[in-house]
Amino acid sequence: MSIENQRLVSLIEFAQQSARLRAKTASTVGQHRQFALYERDIQGLSGIRLNTEDSDDGAWLVVERISETRPPDVTDELLRPWIDLTRSPEVEPRLKSSVEGSILIAAGYRRSPLTEAGANDTSVPTVDPKKDVTLEEFDGRASVHGAFDSYSKGKWAVWSKEEKRRRKVIRIYAELFTLKQVLEGGIFETQLELVWGVGVARWNYNGTGLDYPIITQLVEITIDPTTAAIQVRPRRADPVAEVDWYASVDNPGVAKFETIAKQFFAAGELAFSPFDRATFEPVLRAATTHLDSNGIYWPDRTSADDRSLPPADDHLRVSDTWVVFARQRTTNLFVQDLASFKTLLEQEDCPLPGAILAVVTDPPTDNSIIDLPSFRGVSDSYQGLKTQIGRAHV
């Protein structure tokens, strides 16, 4: 590589570091105050599918468009007038303390004193339609309590448990749908990006809590035109090692770790996937080695099916779990472009454009004679005309 190209590479490295210093680094995903979905949040949820690369849609995350369901019908006729039931699975049903007499008359458990009793109605007590009847004075209260316990602890409890999961999927769908509009500028102007982070790291470092992935991959949101399912797909961009926070605290292992990560991803033996450990685990292990002398790779301490985050302590702990989150668009793309340019210069001694070459070329050490073009001098006739014009103004 020529000396001029070496100088340009140094300028690119300076620009990269300057861009990182100007950026405000986040130590936790929550500091972005945007959408965030951790792997643990979707455990056991029907309506969400992961790693569909082998199917036609080829998405990392698919959220089906589903609707709310109603609570199960109250089939007990005695209980029906007394139960207070909402559509929310979070609000447990309760018994009303009293109901209006007209409701019990309509249900056949009371009769109005204004109507004549039939042959079969003589045993049915009368009640003023406008008067409230308390549950305590209702003669069938024991049966009402029994039917209520059977319903609330049986059918309603089963529905509530499943409906809570269902509505969580609906809420995730709504958040992703809104985020898609924001990313496309359909709601308000913003500069957000959606990333899929892998290897969420936890650390209590000098009073600062770290909760951030080691690797991020830009992703995008699409909607299936047939099923209206929301799909999260990887974008055509290389995964990035998130080292900005570590650099901001002057971690001495940043440079070495970043080099290892870049070399691993540049090799490109396998396409990066948060569901294929071979495409990211060596980078995560390198993080625990170079960013903290006592770093721990958490999967070595727990079972493979445990997708919870490790507790934070005084040493870096790196998990293999993932999180999808939105954040303000960073300088990552700019820094990545500079890195690509730098790689091109290091691999090929390519000729530089004249303007760039002038910046990185040594100034001349001798005075060279420059032949300037000759111009016609000012004639005497012009000077005489100028004098006459001056006198006329006087």
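This one's a predicted model, so the numbers in the text were calculated from it and none came from an experiment.

Visitor: What exactly am I supposed to notice about the overall build of the chain here?
Guide: When helices and strands are tallied, the chain shows ten helices and 14 strands. Within the chain, buried positions represent 39% of all 394 residues. Considering only residue pairs separated by 6 or more positions, the chain has 65% of its internal contacts joining residues 24 or more positions apart. In the form shown here, the chain has an accessible surface area of approximately 23600 Å², with 50% of it arising from carbon and sulfur atoms.

Visitor: Help me understand the pairing of strand E9 (residues 208-223) in this model?
Guide: Looking down a regular strand, the side chains alternate between one sheet face and the other. In this sheet, E9 lies alongside strand E8 (residues 192-205) in antiparallel orientation, the contact comprising eleven bridges. When the bridges of E9 are listed, tryptophan 203 appears paired with leucine 210. Linking E8 to E9, which pair antiparallel, is a turn of two residues; within it asparagine 206 sits at a positive phi near 50 degrees. Sheet topology note: the E9/strand E11 (residues 240-241) ladder contains two bridges and is antiparallel.

Visitor: Would you explain the packing of aromatic side chains in this entry?
Guide: What characterises a pair of aromatic rings is the spacing of the ring centres plus the angle enclosed by the ring planes. The tally for this structure, following the rule as stated, stands at 14 aromatic pairs. Ring centres of tryptophan 196 and phenylalanine 275 lie 5.9 Å apart, and the angle between their planes is 70 degrees; this geometry places the pair in the edge-to-face category. With tryptophan 196 in strand E8 and phenylalanine 275 in the loop between helix H6 (254-267) and helix H7 (281-290), this pair connects stretches of sequence that are 79 residues apart. Tryptophan 196 sits in the buried class, given a relative accessible area of 0%. Joined through ring pairs, the aromatic side chains of Trp60, Trp196, Phe264, Phe265, Phe272, Phe275 and Trp322 make up one cluster. For arginine 40, the ring lying beneath its charged end belongs to tyrosine 38, and the centroid distance is 4.5 Å.

About the criteria used
- Residues take numbers from 1 onward in each chain, read along the sequence in its written order.
- Given that the model is predicted, a residue must reach a pLDDT of at least 70 before its local features are reported, and side-chain atom pairs must reach 80 or more before they are shown or counted; all residues, however, enter totals for whole chains, interfaces and linings.
- Remark: hydrogens and water are excluded; side-chain values derive from all non-hydrogen atoms of the structure.
- Secondary structure elements follow DSSP: runs of H or I no shorter than four residues count as helices, runs of E no shorter than two count as strands, and numbering proceeds from the N terminus.
- Summary of the burial criterion: residues with accessible area below 20% of their type's maximum are buried, those above 50% are exposed, and those between are partly exposed, where the area comes from a 1.4 Å probe applied to protein chains only.
- Whether two residues are in contact is decided by their heavy atoms: any pair within 4.5 Å suffices.
- Only the protein chains shown count as covering a residue, and every accessible area follows the Shrake-Rupley method with a 1.4 Å probe.
- What makes two strands pair is DSSP finding at least two bridges between them.
- What counts as a ring pair is set by centres within 6.5 Å for rings of Phe, Tyr and Trp (its six-membered ring), and what kind of pair is set by the plane angle: stacked under 30 degrees, edge-to-face over 60, tilted for all other angles.
- A positively charged side chain is recorded as over a ring if its NZ (Lys) or CZ (Arg) lies within 6 Å of the ring centre. The angle to the ring normal must also be within 35 degrees.

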